[in-house]
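Now for the letters of each chain:
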Amino acid sequence: MVRIILALLGCGLVQLLPGAGHSKELKDTPGAEAKARPRAPAAFGKLPLAFIENRGQADPRAPFYIRGKDKILYFTPTGVTFVLAAPPQARASAALAGAGAAATAESAPTASDVEAQAFRWVVRLDFVGANPAAMPTGEEPTAAVTSYFKGRREQWQIGLKSYAKLVYRELWPGIDLIYSGTAGKLKYQFLVKPGADPKQIRLAYRGAESIRVNEAQQIEVTTPVGGFQDDRPSAYQESGKTRVEVPVAYLIDSAGDIESHAYGFQVGGYDRAKPLVLDPAILVYAGFIGGALDDKGNGIAVDGDGNAYVTGETSSTETTFPDTVGPDRHFNGTVDAFVAKVRADGTGLVYAGFIGGAGDDKGKAIALEPGCLMDCAAYIAGETSSDQTTFPVTVGPDLTHNGGVDAFVAKVNSTGTGLVYAGYVGGSGTDKGNGIAVDSANRAYVTGETDSLGTSFPDGDGFGALTTFDSSQNGGVDAFVARVAAGGASLEYAGYIGGSGTDKGNGIAVDSTNRAYVTGETDSLGTSFPDGDGFGALTTFDSSQNGLVD
């Protein structure tokens, strides 16, 4: 089963690799188990969103932890330990290369916790110079409870509480550290009380190769199995109902030892008689969109209010897929396209529904009207083998399926309850819509790939007199570009981009003067690709094909 992970990454984002399974023993030496290991992909979005109390089921040094499918964060009095693991394919590659060794019996996670992990990496964030007696305490109990039925009955741990907030009080004199987890959020705050000195706050990564502050004022952390970053921090004070921003930046301790990469915060002028909040959130939200079968997210767009619009494909039916509102709440075939809108805070779906017919339908790209703030119509491009008897065609641009696989373009209304238009773009061959953009006049620009000849592709033959830049198919597969009228009922232009080989349009953008910019791939040689040969005298930066695919 494949599921989509949707993550909005914000201040202090930790774009980590897949983490390790549940181990009852914390490693004292971060990074000790993953030397010469292949880099793992960044993925930190599988953490649950509650802090679980430890009553003996985990390492006794950690009063609380957050457990993911294949990673754990342990919260101890002296810091936070990230236990992470490379995915199975990376472990297999490492084994073939003879790199690394299996975790020791002392530190290996038990089979009852997670799948056995051969390779792990441990990163620790230390509270430098902090009060070791500042035990974390859970606040704001959640409704979730956890039970462990392991070993003999007297060893079971039943009804373990979880909390939405974890507080380290007086971690440094006059400074509290607060972790919070609510419906998709994991963040931390330093509360500096009146008269306390924020320069006391010092943190250090162990198990990392290096840390640095980049041009965007983010901290970048590298490890042998992947990297992550903390985004630019913020700081503020409350003055009545007004929030007053305070200048703040990371300050790397260049004099730190080679194994411990320390940093703190450089804070500008502020009122020391009032509390100061340093607010570098770790993760804004992360979660799944999907049902019982395969679900894939292929495109995403974000409106001015921070709501996320997602399109993709799913084999999950409405009995398990989180369809809510529309545009279609019924699964239609073996694979359906879907479109979903996620609230700006990540706490749930505004809408989610299917687009499709009896065949295979895939949403490949999504776009919004330029400058749209919140209640935005969503424009979808994709591909479908469903004909007009089952696909939800309405208005256009073409209401008749042309054969094989057609590209489709659809506009979902601002509430997600229905389609403004939906129709085909294609000929008698295979046509796929891979990218979409929208101009200020609400016209949709679609790019993709086609092997339909000019006699059937809508380049002026089937749609009346169309403006076209190339009306002849040039090879096995050509890229195409088409512009859909604002109402969706017709095309304003359509044509090919390509040479004698295989050419695909994968992405498209449009500027304020309605010029379209297309990117893709080609194996056509320069003698046939339109780099000045077939399109007249073109300015070109490289007129020679350089390898198998350019």
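If you're wondering where the values come from, they're calculated on a predicted model, not measured in any experiment.

Student: What is the right way to look at the overall build of the protein chain in this model?
Tutor: The number of helices and strands found in the protein chain is 1 helix and 34 strands. Counting across all 550 residues of the protein chain, residues that qualify as buried make up 51%. Long-range pairs, those at least 24 residues apart, make up 64% of the contacts in the protein chain with a sequence separation of at least 6. Element-wise, carbon and sulfur atoms account for 53% of the exposed surface of the protein chain, whose accessible area totals about 23,300 Å².

Student: Is there a simple way to explain the sheet that holds strand S27 (residues 406–412) in this structure?
Tutor: Think of a sheet as strands paired side by side through backbone hydrogen bonds, with each pair either parallel or antiparallel. Reading across from one edge, S25-S26-S27-S28 is the order of the 4 strands in this open sheet, with antiparallel pairing throughout. Looking at strand neighbours, the two that pair on one side only are strand S25 (361–368) and strand S28 (419–425), the edges of this open sheet. Within the sheet, the average angular offset between the axes of one strand and its neighbour, ignoring direction, is 20°. Both S27 and S28 contribute to a ladder of 6 bridges, which runs antiparallel. The residue bridging Ala407 from the neighbouring strand is Val425, located in S28.

Student: Sorry, what's going on with the confidence of the model for the protein chain here?
Tutor: For residues with low pLDDT, the predicted coordinates do not support detailed interpretation. Per-residue pLDDT for the protein chain has a mean of 77; in total, 73% of the residues score no lower than 70. Throughout residues 1–25 the model reports pLDDT below 50, and contacts reaching past four residues in sequence, or to other chains, amount to 138 contacts. This model gives residues 460–464 a pLDDT under 50, and the stretch forms 7 contacts once residues within four places in sequence are excluded.

Student: Help me understand the sheet that holds strand S24 (residues 349–355) in this model?
Tutor: The antiparallel open sheet is built from 4 strands, whose spatial order is S21-S22-S23-S24. Every interior strand has two partners, whereas the edge strands, strand S21 (295–302) and S24, have only one. Within this sheet the neighbouring strands show an average axis-to-axis angle of 20°, counted without direction. Bridge count between strand S23 (residues 336–342) and S24: 6 bridges; the pairing is antiparallel. If you follow Phe338 over to S24, its bridge partner there is Phe354.

Student: Looking at this structure, I do not really get the nonpolar core. What am I missing?
Tutor: Where a protein is soluble and globular, its nonpolar side chains tend to be buried together. Phe75, Phe127, Trp172, Tyr179, Phe190 and Tyr263 are the most contacted members of the largest nonpolar core, which totals 41 residues. Examining the composition of this core, we find that 5 residues originate from one element, strand S8 (residues 157–172), more than from any other. With residues near it in sequence (within four places) discarded, Trp172 still touches Phe127, Val128, Gly129, Ala130, Phe190, Gln200, Ile201, Arg202 and Leu203. Ranked by size, the runner-up nonpolar core spans 20 residues in total, among them Tyr421, Ile436, Ala444 and Val484.

Student: I would appreciate a short explanation of the pattern of salt bridges in the present structure.
Tutor: Oppositely charged side chains can pair when the atoms bearing their charge come close. Here the structure, examined in full by the defined rule, presents 17 salt bridges. Residue Arg61 is joined to Asp59 by a salt bridge in which the shortest nitrogen-to-oxygen separation is 3.0 Å. With a shortest N-O distance of 2.8 Å, Arg206 and Asp126 are connected by a salt bridge. Highlighted residues: Arg206 in strand S11 (residues 203–206) and Asp126 in strand S6 (residues 120–127), separated in sequence by 80 residues. On the basis of relative accessibility, which here comes to 14%, the residue Asp126 falls in the buried class. Among the charged side chains, a network of salt bridges with common partners joins Asp439, Arg443, Arg483 and Glu492.

Student: Please clarify how the side chain of Thr384 should be interpreted in this entry.
Tutor: With respect to the helices, strands and loops of the structure, Thr384 is situated in strand S26 (residues 378–384). At a separation of 2.9 Å, a polar atom in the side chain of Thr384 contacts the main-chain amide nitrogen of Ser386. Apart from residues lying up to four places away in sequence, Thr384 is in contact with Asp360, Asp361, Phe391, His401, Gly404, Val405, Asp406, Phe408 and Tyr424.

Student: Whenever I open this one, the state of the cysteines confuses me. Can you help?
Tutor: What makes a disulfide is a covalent bond joining the sulfur atoms belonging to two cysteines. Enumeration according to the criterion identifies 1 disulfide in this entry. The partner cysteine of Cys372 in its disulfide is Cys376, sulfur to sulfur 1.9 Å. Taking the sign of the S-S torsion, about -110° here, the bridge from Cys372 to Cys376 comes out left-handed. Across this residue pair, the class does not change: Cys372 and Cys376 are buried.

Student: Help me out: how do you make sense of the side chain of Asp406 in this one?
Tutor: By secondary structure assignment, the location of Asp406 is in strand S27. Of the side chains bearing the opposite charge, Lys432 lies closest to the buried Asp406, which forms no salt bridge; the N-O distance is 12 Å. Looking at Asp406, its side chain comes within polar contact range of the side chain of Asn402, at 2.7 Å. Not counting residues up to four positions away in its chain, the partners in contact with Asp406 are Gly382, Glu383, Thr384, Thr400, His401, Tyr424, Val425, Gly426, Gly427 and Asp431.

Student: It is not clear to me how the pairing of strand S29 (residues 431–438) should be interpreted in this structure. Could you clarify?
Tutor: Side-chain positions along a regular strand alternate between the two faces of the sheet. Of all 8 residues that make up S29, 7 are buried, and the element is covered over most of its length. Summarising the sheet, S29 and strand S30 (residues 444–450) pair through 7 bridges and their orientation is antiparallel. Note on S30: the bridge partner recorded for Ile436 is Val446. Between S29 and the antiparallel strand that follows it, S30, lie 5 residues; Asn442 among them carries a positive phi value of about 65°.

Student: Is there a simple way to explain the pairing of strand S16 (residues 242–245) in this structure?
Tutor: Of the strand pairs in this sheet, strand S15 (residues 235–239) and S16 are connected by 4 bridges, and their pairing is antiparallel. Looking across to S16, one finds that Glu238 is bridged to Arg243. The turn joining S15 and S16, which pair antiparallel and follow one another in sequence, is formed by 2 residues; a positive phi near 65° is taken by Gly240.

Student: Looking at this structure, how should I read the environment of Leu160?
Tutor: Mapped onto the fold, Leu160 is located in strand S8. Its relative accessible area of 0% is what places Leu160 among the buried residues. Filtering out sequence-adjacent residues up to four positions away, Leu160 remains in contact with Ile52, Glu53, Arg55, Gln57, Ala144, Val145, Thr146 and Tyr148.

Student: In this structure, what is going on with the environment of Gly371? I would like to understand it.
Tutor: Locating Gly371 in the fold gives a position in the loop between S25 and S26. Taking the relative accessible area as the measure of exposure, Gly371 reaches 69% and is therefore exposed. Residues Gly371 and Gly304, spaced 67 residues apart in sequence, show a C-alpha to C-alpha distance of 6.9 Å.

Thresholds, definitions, all that
Each chain has its residues counted from 1, running along the sequence as written. Totals for whole chains, interfaces and linings use all residues, but because this is a predicted model, local features are given only for residues with pLDDT of at least 70 and pairs of side-chain atoms are given and counted only at 80 or more. Computation of side-chain values: all heavy atoms of the structure, hydrogens and water removed. A run of DSSP states H or I qualifies as a helix once it reaches four residues; a run of E qualifies as a strand once it reaches two. Both are numbered from the N-terminal end. Classification of residues uses two cut-offs on accessible area relative to the type maximum, computed with a 1.4 Å probe and protein chains only: under 20% is buried, over 50% is exposed, and between them is partly exposed. Residue contacts follow a heavy-atom distance rule, with two residues in contact if any of their heavy atoms lie within 4.5 Å. Method for areas: the Shrake-Rupley scheme with a 1.4 Å probe, in which residue coverage is limited to the protein chains shown. At least two DSSP bridges between two strands are needed for those strands to be called paired. Interaxial angles span 0 to 180 degrees and are taken between N-to-C directions of axes, which are lines fitted to C-alpha atoms, for helices over the stretch in contact. For every residue, the pLDDT score states the predictor's confidence, bounded by 0 at the bottom and 100 at the top. In this text, buried Ala, Val, Leu, Ile, Met, Phe, Trp, Tyr and Cys residues form a nonpolar core when linked through side-chain atoms within 4.5 Å. Salt bridge, as used here: a side-chain nitrogen of Lys or Arg that lies within 4 Å of a carboxyl oxygen of Asp or Glu. N or O atoms within 3.5 Å of each other form a polar contact, as long as, within protein, one can give a hydrogen and the other can take it, and as long as residues adjacent in sequence are counted only when both atoms are side-chain atoms. Two cysteine sulfur atoms make up a disulfide if the distance between them is within 2.5 Å. Charge counting treats Lys and Arg as positive and Asp and Glu as negative, with His and both chain ends excluded.

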